[in-house]
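Fold and contact review
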Amino acid sequence: LQTMSGNEDDWLALKPQEPSPSQCCGSGCKPCIYDVYEKELAQWERAKAMQDKSLLVEKKEQSNNSELNPDTFTAFNISSVEQLTEDTYQYKFELPGNSSLRLSLGQHIVLRGVVNGLEVQRAYTPISPGNAEGYFEVLMKCYEAGLMSQYIKTWKKGDVVFWRGPFGGFPYQPNKHGELLMLASGTGLAPMLPILQSITDDEEDETFVTLVGCFRTFDRIYLKPLLQDLARYWNIRIFYVLSQETSLEKLPWSYQENTYIGRLNEDLMKTIINSCRRKPFVLICGSSAFNEDMSRYLKASGIEENSCFVF
């Protein structure tokens with residue numbers, strides 16, 4: 001009888017752990033961490049019923065072949081850490097050889113961190129072009145009280161971190177929409193950048209783009225040189241909305257004519273939409289409060305829900 005209960009303990013030790021709510025990033029990933037758990041649990045139950053542990057062998061918690069995978073986490077090395085503003089960082093991760101992540105536009109990947117023994121997962125959208133070879137880059141904002149932020153703040157060059165994906169994405173097709181209106185708050189800029197870069201890289205793509213970046217102050221605008229480069233293209237306009245600046249006079253003159261002081265409200269939304277060259281298809285990315293406000297203002301401006309995509 002002793003061997004029997006010992007065997008039972010062995011099986012219990014192999015049973016997959018149900019994820020805690022903090023492990024789900026809430027971004028609607030397919031498969032979600034809960035889907036992966038259900039699959040592993042079914043596999044464990046089957047193996048236990050047949051008393052055959054070899055059926056569990058394919059269950060790999062982490063993979064080290066540096067191929068991004070939606071089901072398992074893969075290890076990646078941090079090759080550089082750059083602080084952009086007081087709370088925002090740009091991280092560069094190595095890809096083996098000249099491989100690329102091959103993400104389609106606006107897709108996100110999920111990061112796993114462990115803080116005080118608690119596992120946390122969050123979704124981030126790489127800002128590097130999907131076909132970048134040998135590396136990918138992610139823009140991350142650290143919040144004072146954020147669990148994941150506490151983990152990210154400890155990173156330095158050479159550290160190994162774990163990602164899985166890709167998930168989601170906006171099914172962008174060149175010339176499908178006459179004009180894209182991108183409404184981005186803070187790091188919500190991230191999913192917009194690969195789409196912008198794919199448009200400027202493709203001479204055949206004549207989509208107009210109006211990007212509206214909402215930041216607190218001028219100093220908090222990320223990646224200014226990149227945005228300035230993009231704004232030089234004939235079909236791309238960039239506006240900034242700065243909620244905590246007091247006057248335009250303090251800004252460099254090159255920013256004064258395309259910057260608004262205050263918040264992006266219903267009136268400003270109508271002004272921007274009226275200035276679009278064609279009826280826009282709208283992409284929105286920011287906090288849930290920002291996304292809800294934008295959806296409401298768009299509706300008031302006569303833009304239907306089927307003409308919007310929220311990241």
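Computed from a prediction, not measured in an experiment: that's the story for all the values here.

What counts, and at which threshold
Residues numbered from 1 in each chain as written. Predicted model: local features only at pLDDT ≥ 70, side-chain atom pairs only at ≥ 80, totals over all residues. Heavy atoms only, no water. Axes fitted to C-alpha atoms, helices over the stretch in contact; angles between N-to-C directions. Helix = DSSP H or I, 4+ residues; strand = E, 2+ residues; numbered from the N terminus. Left-handed = near helix turned anticlockwise from the far one by under 90°. Contact = heavy atoms within 4.5 Å. Nonpolar A, V, L, I, M, F, W, Y, C, P; charged D, E, K, R; others polar. Expected span 1.5 Å × (residues − 1). Buried < 20%, exposed > 50% of the residue type's maximum accessible area, 1.4 Å probe, protein only. Arc of directions from axis to C-beta. 1 Å grid on protein atoms, 1.4 Å probe; cavity = no way out; pocket = protein on both sides within 12 Å on 5 of 7 lines; lining within 4 Å. Points joined across faces, edges and corners; volume = space filled by probe spheres on them. Domains from an automatic or database assignment. UniProt positions renumbered as here; feature names shortened; annotations may be inferred. Buried area = accessible area lost by both parts, 1.4 Å probe. Salt bridge = Lys/Arg side-chain N within 4 Å of Asp/Glu carboxyl O. Polar contact = N/O pair within 3.5 Å; in protein donor to acceptor, adjacent residues only side chain to side chain.

Points about the packing of helix α4 (residues 192–201) against helix α5 (residues 224–231)
- Between α4 and α5, whose axes approach to 11 Å, the crossing angle comes to 35°. Our pair here, α4 against α5, has a crossing hand that is left-handed. Here Leu193, Leu196, Gln197 and Thr200 of α4 come into contact with α5, specifically with Leu226, Leu227 and Leu230.
- Class assignment of the residues belonging to the contact of α4 with α5 gives a composition of five nonpolar, two polar and no charged.

Thoughts on helix α8 (residues 288–300)
- With 13 residues, α8 extends 19 Å from end C-alpha to end C-alpha; this agrees with the ideal 18 Å at 1.5 Å per step.
- Considered for burial, the residues of α8 that qualify are Phe290, Asn291, Met294, Tyr297 and Leu298. The buried side chains of α8 occupy one side of the element, clustering within an arc of 130° when seen end-on. Residues of α8 that are exposed and point more than 90 degrees away from the buried face comprise Ser288, Glu292, Arg296 and Lys299.
- Close packing links the buried residues of α8 with β8 (179–185), β9 (208–215), α7 (266–275), β12 (280–285) and β13 (308–310).

Examining the layout of surface pockets
- Of the voids in this model, the largest pocket is the one considered here, and its volume is about 1,400 Å³.
- The wall of the largest pocket is formed by 47 residues, among which Tyr143, Thr187, Gly188, Gly286 and Ser287 lie closest to the centre.
- Broken down by secondary-structure element, the contributors of at least two residues to the lining of the largest pocket are β5 (118–124), β6 (135–141), α3 (147–152), β9, α8 and β13.
- Per element, the largest residue contribution to the lining of the largest pocket is six residues, and it comes from α8.
- Partitioned by chemical class, the residues of the lining of the largest pocket number 23 nonpolar, 18 polar and six charged.
- Both domains that furnish three or more residues to the lining of the largest pocket are identified here as domain 1 (21–47 + 71–167) and domain 2 (179–310).

Concerning the UniProt feature "domain: FAD-binding FR-type" (unreviewed entry) in the chain
- Taking the numbering used here, the UniProt-annotated feature "domain: FAD-binding FR-type" (unreviewed entry) corresponds to residues 71–173.
- Secondary structure across residues 71–173 comprises 6% helix and 50% strand; the distance between its end C-alpha atoms is 27 Å.

Topic: the domain arrangement of the chain
- Under the domain assignment used here, the chain contains domain 1 (21–47 + 71–167) and domain 2 (179–310).
- Look at where the C-alpha atoms of domain 1 and domain 2 centre, and you get two points 26 Å apart.
- Of the residues lining the interface, 16 residues belong to domain 1; the matching set on domain 2 comes to 13 residues.
- For the pairing of domain 1 and domain 2, the buried interface totals around 1,200 Å² over both sides, and the portion due to carbon and sulfur atoms is 66%.
- Broken down residue by residue, the surface that domain 1 buries against domain 2 is led by Leu105, Ile127 and Leu139, which jointly contribute 37%.
- At the junction of domain 1 and domain 2, the tally comes to two salt bridges.
- Summed over the shared surface of domain 1 and domain 2, the number is three residue pairs in polar contact (both at pLDDT 80 or more).
- At the level of elements, β2 (73–85), β3 (88–94) and β6 are the ones that each hand at least two residues to the side of domain 1 that touches domain 2.
- Looking at the side of domain 1 that touches domain 2 element by element, the count peaks at three residues for β6.
- Among the residues making up the side of domain 1 that touches domain 2, the classes are represented as seven nonpolar, six polar and three charged.

Remarks on the UniProt feature "binding site: FAD" (unreviewed entry) in the chain
- As annotated in UniProt, the feature "binding site: FAD" (unreviewed entry) corresponds to Arg122, Tyr124, Leu139, Lys141, Met148 and Ser149 in the numbering used here. Taken together, the annotated residues stretch across 28 residues yet fold into one region, lying no more than 13.7 Å apart by C-alpha. Here the residues from the annotation list that line the largest pocket are Arg122, Tyr124, Leu139, Lys141, Met148 and Ser149.
- One can find Arg122 in strand β5.
- Classification of Arg122 as partly exposed rests on a relative accessible area of 32%.
- Positionally, Tyr124 belongs in strand β5.
- Classification of Tyr124 by relative accessible area gives buried; the value is 14%.
- When near neighbours in sequence (up to four residues on either side) are disregarded, Tyr124 contacts His108, Ile109, Leu111, Val138, Leu139, Met140, Met148, Ile152 and Trp163.

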